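Residue-level structural notes
Okay, here's what each chain looks like letter by letter:
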Amino acid sequence: MSSKESCRNELRTAIRQLSDRCLYSDAKWAAEQLVGIEQDPAKFTPSHTRFQRGSSCIRRRFRTNEIASTPIAGVSYVSTPVLEEDEAIDGDFYLLAKSYFDCREYRWAAHVLRDQSGKKAVFLRCYALYLVRLSLVW
């Protein structure tokens, strides 16, 4: 496992733990760092790339059909879900959007999720947009 991947795994764990402890600004910072880490270009060919918009700039997202496991060093789980690379990257954007949502930055949350198609991502984006519109009424 590369050092970037282990750093990503540690950040994912930190985001969840910080959110569980209601340290939302810290979780937001960790999520922004997670999304900002570039994918390892050695694993991917140019035909498997596409551009994905992040929180403030266009970031390159890499596509692959390889399965990436996400166990955390020193932590044992009964069952650890194995995510494909695309799902892991989409999950990173979801974590970023969720941290924005927890900080009541609903527009940013909706912005990060605008190209996502997962059920949780679509729900969070719609709910964030609803809350933005609701706050405009009040």
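See the structure shown above.
Model, not experiment: these values are computed from the prediction. (Residues numbered from 1 in each chain as written. Predicted model: local features only at pLDDT ≥ 70, side-chain atom pairs only at ≥ 80, totals over all residues. Heavy atoms only, no water.)

With that out of the way, let us pick up the pattern of salt bridges. Inspection of the entire model under this criterion finds five salt bridges. With its nearest N and O atoms 3.6 Å apart, the salt bridge here joins R12 to E5. One exposure class covers both R12 and E5, and it is buried. For R12, the salt bridge is made with D92, and the minimal N-O distance between the two is 2.8 Å. Here the residue R12 occupies a position in helix 1 (residues 3–20), and D92 occupies one in helix 3 (residues 85–102), the gap between them amounting to 80 residues. Neither R12 nor D92 differs from the other in exposure class; each is buried. Through salt bridges with shared partners, a single ionic network connects E5, R8, R12 and D92. (Salt bridge = Lys/Arg side-chain N within 4 Å of Asp/Glu carboxyl O. Buried < 20%, exposed > 50% of the residue type's maximum accessible area, 1.4 Å probe, protein only. Helix = DSSP H or I, 4+ residues; strand = E, 2+ residues; numbered from the N terminus.)

Because an α-helix packs 3.6 residues into every turn, residues spaced three or four apart end up facing the same way. Between its terminal C-alpha atoms helix 1 stretches 26 Å, which fits the 26 Å expected from 18 residues at 1.5 Å a residue. Of the residues making up helix 1, those classed as buried are E5, R8, N9, L11, R12, T13, I15 and S19. In the stretch just after helix 1, C22 is the one whose phi turns positive, near 65 degrees. (Expected span 1.5 Å × (residues − 1).)

So, on to the packing of aromatic side chains. The tally for this structure, following the rule as stated, stands at five aromatic pairs. Pairing F101 with Y127 gives two aromatic rings, centres 5.8 Å apart and planes at 35 degrees, and the pair type is tilted. A residue pair is termed long-range when its members are at least 10 positions apart, and F101 in helix 3 and Y127 in helix 5 (residues 119–137) qualify at 26 residues. Pairwise contacts between aromatic rings join F101, Y106, F123, Y127 and Y130 into one cluster. (Phe/Tyr/Trp six-rings, centres within 6.5 Å; stacked < 30°, edge-to-face > 60°.)

Moving on: the environment of A109. Note on placement: A109 falls in helix 4 (residues 106–112). With 12 residues separating them in the primary sequence, A109 and A97 have C-alpha atoms 4.2 Å apart. The contacts of A109, once residues within four sequence positions are left out, are A97, Y100, F101 and A128. (Contact = heavy atoms within 4.5 Å.)

Of all hydrophobic cores here, the largest spans 22 residues; its most connected members are I15, L96, A97, F101, A109, V112 and L124. Broken down by element, this core gets its largest block of residues, seven residues, from helix 3. (Core = buried A, V, L, I, M, F, W, Y, C linked by side-chain atoms within 4.5 Å.)

The next subject is the packing of helix 1 against helix 2 (residues 24–36). Angle between the axes and distance between the axes: these two values describe a pair of packed helices. Look at helix 1 against helix 2: their axes get within 8 Å of each other, and the N-to-C directions meet at 160 degrees. Relative to helix 2, the element helix 1 is oriented roughly antiparallel. When the axes of helix 1 and helix 2 are compared, the crossing they make is left-handed. Contact residues: R8, L11, R12, I15, L18 and S19 in helix 1; Y24, D26, A27, A30, A31, Q33 and L34 in helix 2. Each residue belonging to the contact of helix 1 with helix 2 can be placed in one class, and the counts come to eight nonpolar, two polar and three charged. (Axes fitted to C-alpha atoms, helices over the stretch in contact; angles between N-to-C directions. Parallel < 35°, antiparallel > 145°, perpendicular 65-115°, else oblique. Left-handed = near helix turned anticlockwise from the far one by under 90°. Nonpolar A, V, L, I, M, F, W, Y, C, P; charged D, E, K, R; others polar.)

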